[in-house]
Every structure is written in C-alpha cells, then in structure tokens.
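Tertiary structure, described
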Amino acid sequence: MAYQPDRSQYPQPGADGKLDIDLTSGKYLKLWQGPQHPGITGNMAVELTVCGDEVVEGKVHVGYLHRGFEKLMERRTFIQCFPIVCRICVPEPDFNEYCYAAAVEELAGIEIPEQARWIRALILEMGRINSFLMYCGGQAGSYGMGVISQWTTYVRDLMLDRFEELTGARIYHMFILPGGVRDTLPEGFAQRMEETLREIEITMKDVYETMYCNAVFKKRTVGLGVIDPELLDSYGVTGPNARAAGVAKDVRKDQPYLIYPELDFEPILGQDSDIYTRADLRRQDILQSVDLVRQILAKMPKEGPVMSKLPNVLHWKIPRGETYIRGECSRGEYGYYLVTDGSGFPRRVNVRGPSYTHAMSLLERMIVNINIADVAGLMVSLHTYPPEIER
Amino acid sequence: MSIRDLLSPFTAWKYLLKNPVTIPDPLNDRPGSARYRGFHKNDNEKCIGCGTCEAICQNGAIDMLPVKGTATQEGDSGLRPRIDYGRCCWCALCVDVCMTGSLTMSNEYKWVESDPDAFRFTPGVDEKFWDNAELGYQRPEDHRLVEAKRVTMEEMDADTRINSFAEIVNGYSIEQAKLEADRCVACGICIATCPTHMAIPDYIDAVREGNYERGLKLLYETNPFSNVCGRVCTRKCESACASRHEGEPIAIRWLKRHIIDQVPFEKYREIIGEPDAPTGKKVAIIGAGPAGMTAAFDLVRMGHEVVVYEAKAAAGGMTRYGIPEYRLPYDALDRDIELIVSLGVKVHYNTRIGSDIAMAQLEQDFDAVLLAIGLQEGRQTRIPKSEHEKVYRAVDLLDKITSEEAFELPHCAVVIGGGNVAMDIARSLARMQKQQYDQVDVVVTAMEDQQHFMADADEIKEALEEGIIIRDNCGPQGCEIDESGHLIGLKTWKVLSILDENNRFAPTYDDSDETIHACDTVIEAIGQFSDTSLLGEELTEKLEWNRGRIDIDSNGRTSESWLWSAGDCVSGPDVVHAVADGHRVASSINSYISSNESSIDKQS
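Further remarks concern the overall build of chain B. The helix and strand inventory of chain B stands at 24 helices and 22 strands. Taken along the three principal axes of its C-alpha coordinates, chain B extends 125 × 70 × 50 Å. By residue count, 46% of the 604 residues in chain B fall in the buried class. Excluding contacts between residues fewer than 6 apart, the proportion of contacts in chain B whose partners are at least 24 apart in sequence is 74%.

Below is the structure:
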C-alpha cells in the first residue's frame, strides 16, 4: 500500500500539529523498531504507531551514535581533522576524506597533482562498489534472504583487501589527505584489482538470479515505497533514490569533480521509483562502478607526484573563507561546508550526508500506510547510514 | 512475474558444491599487507625524542616519557614516545611527521594480552614480537608534512665581496623569513643546547606571526648580544635541530638576525623595559666584552650600580677586535653596546686595571668585582726563527685592522692555523691586498686535513671562493730567512698524525715531504691565552688556579668571595658561551650582594 493522499480515513492532526491518536482507545499500538533490531540500518530507531498491521505514524529517533565530529574538528588543526572525518560514515568513509581534503585545498589554495586526482577517484569508486555490495546484502536480508549478504560480504572483503594493499587499512583508509594522497598504487595492483572486479561481476550475476529474479522479492517490493518525483526537491532527495524516480541527479555529471569528465559513463535511471527499481538501479550502479574502476586504471598516469607541498602542518593556518564541496557518494550528494577564519583550526564544519534527508524526513513520510513487515525493507531501500545523520 | 522468477532462486544451491571462502586460521594465515598500518616500531637509536609525534597526535595517544637506558644529551631530549593503544587510531600521522624517520609501523595487527595496561607501551624500548617485522607502513618517499630544505640565504658573490669589508650576508626578506620559520616544529631541543637557553621556538613563532616586537623581547630576555649572535653565533642550536636529521636545520641564527633587522633601534628600550629601583650596591666589571657587558646588562636591570673598565677605546671585546667587519658590521655591535650603556652602565674606556687602577682599589670600592678579560693574547708556535718581526699573531693584526692602526700589508702572507681566527685574518688580509695591490696572495696552512678544520665549513668555502689557498696537513717547522734578514717563507712537513693514542697533542711528520711556502709575512693563528698580570702578585698568589686558568665554581665565583670571573678567559672562545657566563655570574653576584654577606665580608 502506498501513501494515500486522501487522509480523511486516518487520524487527523490536532491543534498542536501532532496526529490525534488516542492510545487508550485500543485501536493503536506503539511499536519500536530499533535501536536494537535486525531490521534497522545501524544505530537508529523508528517509533511506529500501528493500527492493525498498518503504520499510521512513524517517528525517527537518532542520537545513539552522536560523537560530535563537527565540534571536535573545531578543536583540531587542519591536519588533525584528517583522521577523524572518515569516522562520520563507516561503510563509505572515503567521501569524508575527499570532501574535507578538497575543501581545505580550495581555501588554502593548494593544487593537487594529476595522479593524486585519479587515485582519489579510484578510491571513491572502490568505496562506492563496497557500499552498494553492503546495501545488496542488507536489502536481501530485510526480505529474509540471508545468503545474499554472505556472498556480497565475501566480494566486499576482496575489495577490502585491495583497499588494504593500496591504503594500508581496510575500513578507515585515511589515505586521501589535504594535498593529495599518501602513496602511489602498489606493484601489480591493477592485475589483482581486475581479478576482484571479475569476482564481483560473477557474484552479482548470482545475486541477480537469486534476488532480483525472485518471485518473493518482486512480489514484496514492486510498487512499494514509491517516492513521488515531485517530492524530490522539497525533501532534498539525491542519488539513486532520485535516479530511480527518473530524475538524473548525479554530482559526477552535474558538477564534475576530480577526473570524472574524462570517464565514459551515463547516470543510470529508473522509472517506477519503488523499492525494486531502486534495488535494481544500485545493482547496475555496481556494474557501472566496476567499469569505471577499469577505465580509471587504464587511463590514469602511472608516474608523477601524488602529494603537493604543504606548509608545516603543525602550525598551518588557512585564510578566512568558506566553501562547500560536494561529491556523489553511493547514497547521493555528500557535501562538506567548511568555514575558516585565518586561524589554525576550522571555524565551522558542516557535513551534508544524504542519510539525514533520506532517513529522517523522507522516511517519516513514506512509512505511513505501509505494513509493519515492510518497514525494514523500505528503510534499507533508502540506503541510509546513521553515523552521517549525527555528525 | 514469470516462471523464471520461481525457479531462478534455486540456482543458489550451486554454492553447496563450492569451497568455502573463509580463511580457516586467520590468526596465522593472514598477514597484513606490505603497507599495513599496524603496530608501531621505533628505532631508539635514531629517535631524538623531539615529541613531534606527540604534537601531531589528534587522539592524545602519545606521551613523551623518560626511559631507562636513554640519557638526555645534546640533540636528544632522552624522552621516547609511549603510545596508548586505547586511544591510537593508526592514522600514522606520527610516522609521517617523524623528524628522524625513526618511527614506523609493522604490518602486524593481532596482539592478545590479558593485562589492559600492556597496550600502553613504548615502541623500541618495550620489546614486542613485531619489532623485527620487515613489512608495514613507512613514510613514502617525498611524502613530507614538514619542509626539509632551508630557505637559501642570499650572499654577496665572491668577486664583489673581496673588494670591501661590507657585510656578506644579506639577511632574509619578510617572506623568506616566514617560510623558513614555518619549517620549525617547535620541539625545543635547541633551547637545551643553546648555552644561554634562548627561547628559540617562541621567537621563531614571533617571526611566523610577524610580531617582531615580541620576538625582540624574547631575544633580550636571554641574550643582550642578539645583534652579535644574530650574525656570528656559533649556533650550537642548529647542530641539535630536529630538522637536520632528514633535511637542513632551521636557520635559527638568520631568523634571530631577521627579528633584529625588523625592529627599529629606537624601540628597543621601550620593549626591554626600565631597570629596577636602585639598590645602592656597586659592582665593578673588568672587560667590556660579551661576558662583562651581559653581566652589566643583568645587574643594572636589577638596580645595581655597574661600572665597567675597558682597556681598549671601545666595547665589544673580541667581537669588535677579533671578528672582521664583513661578518659583523660595527653598527650591529654598537647597537647592543649602546642599549646596555643606555640602561645606566658606566663604562671607562682606555682604562687598564693593574696599571691605571689597582685591583685592591676595586675590591675596596665595590661590593663585587667581575673579571671578564677574555683571551686577548695570541699563542706563538715557537718554531725556529719565528721571533722575526714579520711573524705576527692573528689577534694582534685583527686588532690593528679594527683600530685602523697602520701596519705593513704583506704582499704574500702565510697563515698558520685552521680555525675561524685563521680564516678571519686570511680573509681580512685578502680584502686589503685586493684593495691595495689588486691581487690576493694568502695561504692558510693547517695541521689537520681540510675535513677536520676547526673553522666553519662556510668560512672555508668562502675563503676558497675569495682566492685564498688552503694547504692542509702542513706542520710548521720554521721560518725561512735570507741573508739580508728578510722573511722569505715558511717551512712545513707533511703531518702524519696529530694526536697520540691517549688523545694528547703529539704530532708526527713525514720530514721527506717538505714544503717551503714563499711569503713575506707569517701569521700565527693557533689560539689565544689570557694575560692575568693585572691581578697583581698578591692576588695571583691568593687565588686558586686550575691548569693556568683561574679556578671558579659553577657560578663563576673565584676562591675570593668578592671576585667572579666569566667569559672566554674561563670557558674558552665563544660569544654565546660568554653571554651565558655573563648571566650566570650576574645572578650569583646579585644573590651575594643582595644578602648581607657582602657587608659582613667588607667589615671583616
């Protein structure tokens, strides 16, 4: 059941704007999904009010993960912020590193070497593949297909191996720092990456057969959780969620950064904007990113510096200024708003993670009228990572 | 929905026939990658305990602590980084910023321990099983967070500078100074090494900030000869600088000079502040060199009446009469002296203690007396025929050049000695020869080989550029004199060794390898000594001596309670040591005369 614009049959808002739900009437039940619940994406909770098994109201609760990154950064020098930012989004940390580094570089007037730009794009695409693989497992899991997540976890692990040999770490890579990247590609990296990419393609084929060509999955997802294309702008919906509604929103194309103009790709679009379309679009996105990684490895310069000269980072001061740097992460537009005041510390950092809009305002709207059993699937289909909601 | 959608999911069954992908024994079968940022390693021998890793760690995971078996020494704080793995995030910024490259990481990532405190450890000191791991994160080549190269100091080229005594070094522009100051990691190892413990990282910070008045205040807190030291300091600090390990040391001396150059002299007094209220105590200082004048600076600011007696016509001691103008222009020295005098120090020039005023008189008239007479007499080689009138001591000639006293300029000079004084006299004579005869003919001969000369490498390089010939491994054996009594050369033998097995001076020569260096003048620049005849027989007898030098305690006080001694005459030739000595004795004199001790001594 999709959201019914005719609200006459549902509880009406009272004078305070809240829905007039009389819990003593026995008609309604409060149900918490999360913060500890297998059907929730990370540490957040949805407080559901259900009538029968239909949701009439959903409130999203966050705060379980609040670590105050933005504030922490105001007390750290520009280089000291670099190891922190990746923690803002655990499954796809590299966008934080990239956006932060690019913002600092812009305000400090630093140009990064050509090879570093390619390596950055390579890392971002590798991270995108991993993020989508994780999503696939989660989406399948929310419909009871646990085995899919085991397959995707395996290939994601192979990609983590590639991350490990390139960056020296598996999850928090801490490789893209202001000024460039830490190092060049290790010997034989392209070859091993090709093997990993092939493995991913094979696994995705199996995933396609078992998940996307699956009567149960189709039955439960086609036509469910439709995002009206007219809502996209007012709710700030970006990335695959918007593209599944047929709107070509992709920062890599709209405001190209790094070396994306030199890569050959077109944003993948869907039409129906339901859970199935979004899931299928992300599957195709994985394959597109696999292709992009191949393109990058083929086209990138193989020599030259990867790091620009920085001033002494221990007392690095950046002139007064402000900027907003954006990039297309696996969930949509990721952005860093950085304000500097001429001191050695950022005056203000604001992180725009797509999860905030998708998991809070959009979810609260979409969750109304659906079945309790579909809440998890819907939530996962919006692809949210709670840590970036509460920076 | 199709029939395929019903059947297709069953293809998952094929995984039943596949091998599991899980690693059966991940604790042993899965080493970290070659670049893995695993557990820390530290090369304890290479580490200098500069604490830059501690400064950059955003988690506060690193503490610099003393460790057993590692002593504090010049250029090494003796501290070592202890890492708390409860806080560490393995970002490796500590490795990236490490000034010596001693801190690295292994590719080891598994460590099981029942004691949680074990995870706070000092790499390289506490033995760990990964200490010898070959793989792991090391700072990639060219990946530096701190600039390694020094900003080049612009200098006058050899062809221009040989024509005059004009200062060679131009000094940094504001932009250059800021760039150079930016390289400093403010570890402070230099402070411990500097004899007078100047607040080096702080004044370098003042350069970065462009706050030169703060910089000047910091300089004068520890060094009233900042004009001099900004130009000719022996800069022990730079040889201890953390930046020298993987690059060039910070140009600390030139940054000091930069501060001096930026602040107008009229402002000095205001920045330095007024002396304290008068105490009514009187101190006499013999010798207006760096040690004496530093003590005078301190004592007069403490409110004591200070009278300085100087045998020469101007103050500055060896910095004026020894160091040539092209290295230290007189106006720079004059600024330091003028400032000290302006604080109320009385200086009696051309007054020689011993002949003009007796020591006994000073003892009677003053609460305390400081002897800071320096090393004014040049040592002689005493080789055969060196008593010839055309054999000079370098210090005497340098004195004549400064005093503009006439002497017969040699057409061809041979200098004996390989220290800075030898270079000073050789380069000064070269300039005068160029001006008067339009050609340079100076030879420097020294017993050491050129790599082991006592002179600064810069001095040797510049001397060579100016056309001076340097002949090393030459042991002087005698002067050559012709029948008419003219000096015609210096005979030397090739030196085989200088020190014996006990490190005592006992040169051996190859007498078959003899060279006659033709010349009309020989200049001995083999060291100086102190003329203490001013003390008078009675006092000389009373004082305790140590190998020809007046014996002093750690505060510079002699065996006579009213008499202190400081500077070159007790601690050897060096400006910044003399300044440090000056501070030390001033503080000792102050505590003596501020207590009742001095009045009791006087009564007895």
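All names here are of chain B. The five strands are arranged E8-E7-E6-E9-E22 in an open sheet whose pairing can be described as parallel. The open sheet terminates on both sides in strands that have one partner only, identified here as strand E8 (346-348) and strand E22 (563-565). Sheet twist, expressed as the mean angle between neighbouring strand axes with direction ignored, is 20°. In this structure, strand E6 (residues 282-286) lies alongside strand E9 (residues 368-371), joined through four bridges in parallel fashion. Within E9, the residue paired with Val283 across the bridge is Ala368. The sheet strands contacting helix H14 (residues 290-301) are E6, strand E7 (305-309) and E9, and the helix crosses E7 at an angle near 165°.

This brings us to the interface of chain B and chain A. Accessible area lost upon the coming together of the parts serves often as the stated size of an interface. At the junction of the two partners, chain B supplies 33 residues and chain A supplies 30 residues. For the side of chain B that touches chain A, the secondary-structure elements that each account for two or more residues are helix H1 (3-7) and helix H3 (52-56) of chain B. It is H1 of chain B that contributes the most residues to the side of chain B that touches chain A, three residues altogether. When the residues that make up the side of chain B that touches chain A are grouped by side-chain class, the tally is 19 nonpolar, five polar and nine charged.

Residues and elements named next belong to chain B. For chain B, the assigned domains read domain 1 (24-121), domain 2 (172-271), domain 3 (274-375 + 562-603) and domain 4 (378-526). Computed from C-alpha atoms alone, the centre-to-centre distance between domain 3 and domain 4 is 33 Å. Facing the five residues of domain 3 at the interface are eight residues of domain 4. The residue makeup of the side of domain 3 that touches domain 4, split by class, is three nonpolar, one polar and one charged.

Further remarks concern unusual backbone geometry. All names here are of chain B. Located in the positive-phi region is Trp90, a residue other than glycine, with phi close to 55°. Along the polypeptide, Trp90 turns up in the loop between strand E3 (79-84) and helix H4 (93-97). One non-glycine residue with positive phi stands out, namely Ala92, at about 70°. By secondary structure assignment, the location of Ala92 is in the loop between E3 and H4.

All names here are of chain B. Spatially, three strands are ordered E15-E16-E17 in an open sheet, and the strand pairing comes out antiparallel. Each having just a single partner strand, strand E15 (474-481) and strand E17 (505-518) make up the two edges of the open sheet. Sheet twist, expressed as the average angle between the axes of neighbouring strands with direction ignored, equals 25°. As defined by bridge partners, E15 adjoins strand E16 (residues 487-499) across seven bridges and the pair is classed as antiparallel. Residue pairing for E16: Gly478 is matched across the bridge by Lys491.

Moving on to helix H9 (residues 212-222) of chain B. When we look at burial in H9 of chain B, the residues that qualify are Tyr212, Gly215, Leu216, Lys217, Leu218, Leu219 and Thr222 of chain B. Buried residues along H9 of chain B sit against helix H8 (200-209), helix H10 (226-232), helix H12 (252-262) and helix H13 (268-272) of chain B.

Bringing the packing of H8 of chain B against H12 of chain B into the picture now. Residue and element names in this part refer to chain B. The N-to-C vectors of H8 and H12 enclose an angle of 55°; their axes lie 10 Å apart at closest approach. Our classification of the angle between H8 and H12 gives oblique. Handedness of the H8/H12 crossing: left-handed. Two secondary-structure elements touch here, H8 through Ile200, Tyr203, Ile204, Ala206 and Val207 and H12 through Ile252, Leu255, Lys256, His258 and Ile259. Grouping the amino acids of the contact of H8 with H12 by side-chain chemistry returns eight nonpolar, one polar and one charged.

Attention now goes to the confidence of the model for chain B. One rule of thumb: low pLDDT means the predicted coordinates there are not for detailed reading. Mean pLDDT for chain B: 92, with 99% of residues reaching 70 or above. Here the predicted complex scores 0.89 on pTM and 0.90 on ipTM.

What counts and what doesn't
Residues numbered from 1 in each chain as written. Chains lettered and ligands numbered in written order. Predicted model: local features only at pLDDT ≥ 70, side-chain atom pairs only at ≥ 80, totals over all residues. Helix = DSSP H or I, 4+ residues; strand = E, 2+ residues; numbered from the N terminus. Buried ≥ 20, exposed ≤ 12 C-beta atoms within 10 Å, placed from the backbone. Contact = placed C-beta atoms within 7 Å. Pairing = 2+ DSSP bridges. Axes fitted to C-alpha atoms, helices over the stretch in contact; angles between N-to-C directions. Nonpolar A, V, L, I, M, F, W, Y, C, P; charged D, E, K, R; others polar. Domains from an automatic or database assignment. Parallel < 35°, antiparallel > 145°, perpendicular 65-115°, else oblique. Left-handed = near helix turned anticlockwise from the far one by under 90°. pLDDT = per-residue confidence, 0-100.

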